[in-house]
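As a plain string of letters, each chain reads:
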Amino acid sequence: MTQYEVVGIGNAVVDVISHADDSFLQDNGIEKGIMQLIERDRAENLYATMQDRLQTPGGSVANTIAGIGALGLPTAFIGRVNDDDLGQFYAKAMTDIGIDFVNAPVTGGENPTSRCMIFVTPDGERSLNTYLGISTGLTSDDVPQAVASGAKLMFLEGYLFDHDAGKTAFREAARAATAGGGMAGIAISDPFCVERHRDDFLALIENDLGYVIGNEAEIRALWETDDLEDALTRTAAICDTVVCTRSGDGVTLIRKGERVDVPVTKVTPVDATGAGDQFAAGFLYGMATGRDLETCGKMGNICAAEVISHIGPRPQTSMMELFKEKGLV
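Residues numbered from 1 in each chain as written. Predicted model: local features only at pLDDT ≥ 70, side-chain atom pairs only at ≥ 80, totals over all residues. Heavy atoms only, no water.

Engineer: Help me out: how do you make sense of the packing of aromatic side chains in this one?
Structural biologist: Two aromatic rings, taken as a pair, are described by how far apart their centres are and by the angle between their planes. Inspection of the entire model under this criterion finds 8 aromatic pairs. Geometrically, the ring pair formed by Phe77 and Phe101 is stacked, given 6.2 Å between the ring centres and 20° between the ring planes. Of this pair, Phe77 sits in strand β5 (residues 75-78) while Phe101 sits in strand β6 (residues 100-101), and the two are 24 residues apart along the sequence. Residue classification places Phe77 among the buried residues on the basis of a relative accessible area of 0%. (Phe/Tyr/Trp six-rings, centres within 6.5 Å; stacked < 30°, edge-to-face > 60°. Helix = DSSP H or I, 4+ residues; strand = E, 2+ residues; numbered from the N terminus. Buried < 20%, exposed > 50% of the residue type's maximum accessible area, 1.4 Å probe, protein only.)

Engineer: Explain the nonpolar core here, please?
Structural biologist: When a protein is soluble and globular, its nonpolar side chains tend to lie buried together. In terms of nonpolar packing, the biggest core is built from 57 residues, with Phe77, Tyr90, Phe119, Phe155, Phe283 and Phe323 touching the most fellow members. Here this core takes 8 residues from helix α11 (residues 275-288), the largest share from any one element. Here Phe323 is in contact with Leu71, Tyr285, Met299, Ile302, Cys303, Leu328 and Val329, once residues within four sequence places are set aside. Ala177, Ile205, Ala221 and Leu222 belong to the second largest nonpolar core, which has 43 residues in total. (Core = buried A, V, L, I, M, F, W, Y, C linked by side-chain atoms within 4.5 Å. Contact = heavy atoms within 4.5 Å.)

Engineer: Could you clarify how one ought to interpret helix α8 (residues 198-208) in this entry?
Structural biologist: Along an α-helix, residues three or four apart share an orientation, since each turn contains 3.6 residues. When α8 is considered as a whole, its buried residues turn out to be Arg198, Phe201, Leu202, Leu204, Ile205 and Asp208. The secondary structure elements touched by the buried residues of α8 are α6 (164-179), β10 (183-187), α7 (191-196), β11 (211-215) and α9 (216-223).

Engineer: What should I look at first to understand the pattern of salt bridges in this one?
Structural biologist: Should the charged atoms of two oppositely charged side chains come close, the side chains can pair. Counted under the stated rule, the structure contains 17 salt bridges. Among the salt bridges present, the one from Glu229 reaches Arg259, with a minimum N-O distance of 2.7 Å. One end of the pair, Glu229, is in helix α10 (residues 228-236); the other, Arg259, is in strand β14 (residues 258-262), and 30 residues separate them in sequence. Using a relative accessible area of 35% as the deciding quantity, one classes Arg259 as partly exposed. Arg246 is paired through a salt bridge with Asp261; the nearest N and O atoms lie 4.0 Å apart. Linking Arg246 in the loop between β12 (241-245) and β13 (251-255) with Asp261 in strand β14, this pair joins segments that are 15 residues apart in sequence. Here the salt bridges do not stand alone but share partners, grouping Glu229, Arg246, Arg259 and Asp261 into one network. (Salt bridge = Lys/Arg side-chain N within 4 Å of Asp/Glu carboxyl O.)

Take a look at the structure:
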């Protein structure tokens, strides 16, 4: 029996966002426009340099779940935080917006709660510096069977697939969701994750997942090809639903032989943080509520456009009102 419309499993990361110019990035050794993993000491040093901090619970799939929850669907999130100040902030912030934050903060000598320092330059590019902390220790023990089996849609974060325990947790969660009548899928997250675990990624997609979401680079990385159309065809051959976001070129959606290409209106982002996460929120909302493929893509694009219009990775406008304005609901 469905308990949640969407359940996400991912890194529970506190996002700390600040403005910066290019000279600041250069002076602090921050590579522009990418995500860099950093150690604890550097995380603390970078945090101290941030001036106009905006602190919010983040993590890619967590942002997606927050977007879906804001649209009114029952949601849950599975992720690890420490019982420290940031962990308590994270858990409270998630529950305050109506998300069932499944895991109690971990007490004891574990790593601190994960955090990501995001520096946004005037051109809207964001440079992410992530200390993963306790998040990466997720195992099957952190995934309650009742929650996984009660998910209509399960959404997995590719970053957590970097660890053997995470791989096992994903397989077991996906199978529990499927056995309970739901469907599991994954956000590929990063082409480098694919390159490190290609065979395992493909096996998971083919054997345990009903949908996969990635951008052009991530979809191509699955098959080690520069030919996106070939990569899309091959991915669709092993997974019922394939979604490929193509930045200003729109999004391609393929489901059981049906293909839809949904265009976007190109805009200059204020902050591109969370664009992919909120696209997934709109798309999964459409899936959960039985919309056709094109409408799912349009909902995703609307959510992505809203989130890049302001600082921060989560919507600040009623997405339901925007859907209504576009005649989608």
